[in-house]
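These are the residues of each chain, in order.
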Amino acid sequence: MDKITEKGMLLIISGPSGSGKGVVLKELLPSDNFALSVSVTTRRPRAGEVHGKDYFFCTTEQFFDKIKNDELLEHATFVGNYYGTPRAYVQEQIDAGKTVVLEIDVNGALQVKEKFPESVLIFLMPPTMQELRGRLVGRNTETAETIEDRLHRASEEVKLIEKYDYLVINDEVKTAVNKIRLIAQVERLKPCRSGYAVKLFNKERNSC
Ligand code: 5GP
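So, a few notes on the structure that sits alongside this text. Owing to the predicted nature of the structure, the values given are computational and were not obtained by experimental measurement. (Residues numbered from 1 in each chain as written. Predicted model: local features only at pLDDT ≥ 70, side-chain atom pairs only at ≥ 80, totals over all residues. Heavy atoms only, no water.)

## What about the packing of aromatic side chains?
Condition: Side-chain rings of Phe, Tyr and Trp, where Trp is taken by its six-membered ring, are said to pair if the distance between their centres is within 6.5 Å; with planes under 30 degrees apart they count as stacked, over 60 as edge-to-face, and otherwise as tilted. Runs of E in the DSSP output that reach at least two residues are strands. Runs of H or I that reach at least four are helices, and both are numbered from the N terminus. The buried label applies to any residue whose accessible area, calculated with a 1.4 Å probe on protein chains only, is under 20% of its type's maximum; exposed applies above 50%, and partly exposed to all values in between.
Scanning all chains against the criterion turns up seven aromatic pairs. With a centroid separation of 5.1 Å and 80° between ring planes, the pair formed by Phe64 and Tyr82 is classed as edge-to-face. Highlighted residues: Phe64 in helix H2 (residues 60-68) and Tyr82 in strand E6 (residues 81-86), separated in sequence by 18 residues. The exposure class of Phe64 is partly exposed, given its relative accessible area of 40%. The exposure class of Tyr82 is partly exposed, given its relative accessible area of 26%.

Following this line, the structure appears as C-alpha cells:
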C-alpha cells in the first residue's frame, strides 16, 4: 500500500477580547504540528505589534481589493475595523499536513464552519465576565469607549457558544493550552480525517 499522507486540519479559536487568546496562542505556538494564520486588518497597530507577525496591517482600500481578488478565506468587521484570513497560507499549510490555527471572531468562525464543516471550533472564555473587564482595563491598550464596545460585543459573542465544538475556560494558561492540544490530538484521530479512511473508501473529501 502506498504511504498515506494525512491532510491538515483547521482549528479555530474565538473568544471575547480579554479572554486571553493572545497569551494562550503564545504558549501553544510555535510547534511543529501547528501553524498560526496571520490575519489582515484595517485596525491600527497597538504599541509593540509587528506587521507580518501579529497582523498584516492594511488600508480599507487594500482590504477591499483582497476581497475582490478572492484572497480571503473569510472576513468580518469587529468594533469598527475589518479583519480577514489570507486564503493562500491556510491552503498551503493544510496541504502540508499542519493543524492551522485561526484566531478569529465568531462571525468569521461560523463562515469557515459553513464552508469547511470539518473545521474544529473552540471558544475560549475567562472564568467570569468581571475578569474579562479587569483584563481589558488592565492591558491598557484601548480607550474607555472601545473597552465598552468590546464588552458589549463579548456579551453578543457569548450567545453563540453553542455553535462551537468545545468550550475552554482560561483560568490557568497552561491548563487551557493543554486542553487545546488534547482537542487537536483527539480530533486528528477521527477516522473521517484519516488518510486511511479516505483511501480505503476512495472518498474525494473527508467530512467529520
Ligand atoms: P484585536 O483587535 O483584539 O486584535 O481583535 C479583535 C477581534 O478580531 C478578535 O475577536 C479576533 O479574534 C478577531 N480577529 C482577528 N483576526 C481575524 C480574522 O482574520 N477574521 C475574523 N473574522 N476575526 C478576526
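Next, the rest of the story.
## Brief notes about the nonpolar core
Filter applied, for reference: Among buried residues, the Ala, Val, Leu, Ile, Met, Phe, Trp, Tyr and Cys ones that are joined through side-chain atoms within 4.5 Å form a nonpolar core. Working rule for contacts: check all heavy atoms of both residues, and any pair within 4.5 Å makes them a contact.
Counting residues in hydrophobic clusters, the biggest one holds 18 residues, and the most contacted among them are Leu11, Leu28, Phe34, Val101, Val168 and Ile180. With five residues, the top contributor of residues to this core is helix H7 (residues 173-188). When neighbours within four sequence positions are excluded, Val101 is seen to be in contact with Leu11, Ile13, Leu25, Leu28, Phe34, Ala35, Leu36 and Ser37. Core analysis: the next-biggest nonpolar cluster, separate from the first, contains 15 residues, Ile94, Val106, Leu121 and Tyr164 among them.

## Details of the pattern of salt bridges
Selection criterion: The working definition used for a salt bridge is a side-chain nitrogen of Lys or Arg within 4 Å of a carboxyl oxygen of Asp or Glu.
Per the counting criterion, the structure on display carries 18 salt bridges. Lys174 is the partner of Glu27 in a salt bridge, and the nearest nitrogen-oxygen pair spans 3.3 Å. With a gap of 147 residues between them, Glu27 in helix H1 (residues 21-28) and Lys174 in helix H7 connect regions that are remote in the sequence. Taking the shortest distance from any N to any O, the salt bridge between Arg153 and Glu157 comes out at 3.6 Å. Of this pair, Arg153 and Glu157 both sit in helix H6 (residues 144-158), four residues apart, roughly one helical turn. Neither Arg153 nor Glu157 differs from the other in exposure class; each is buried.

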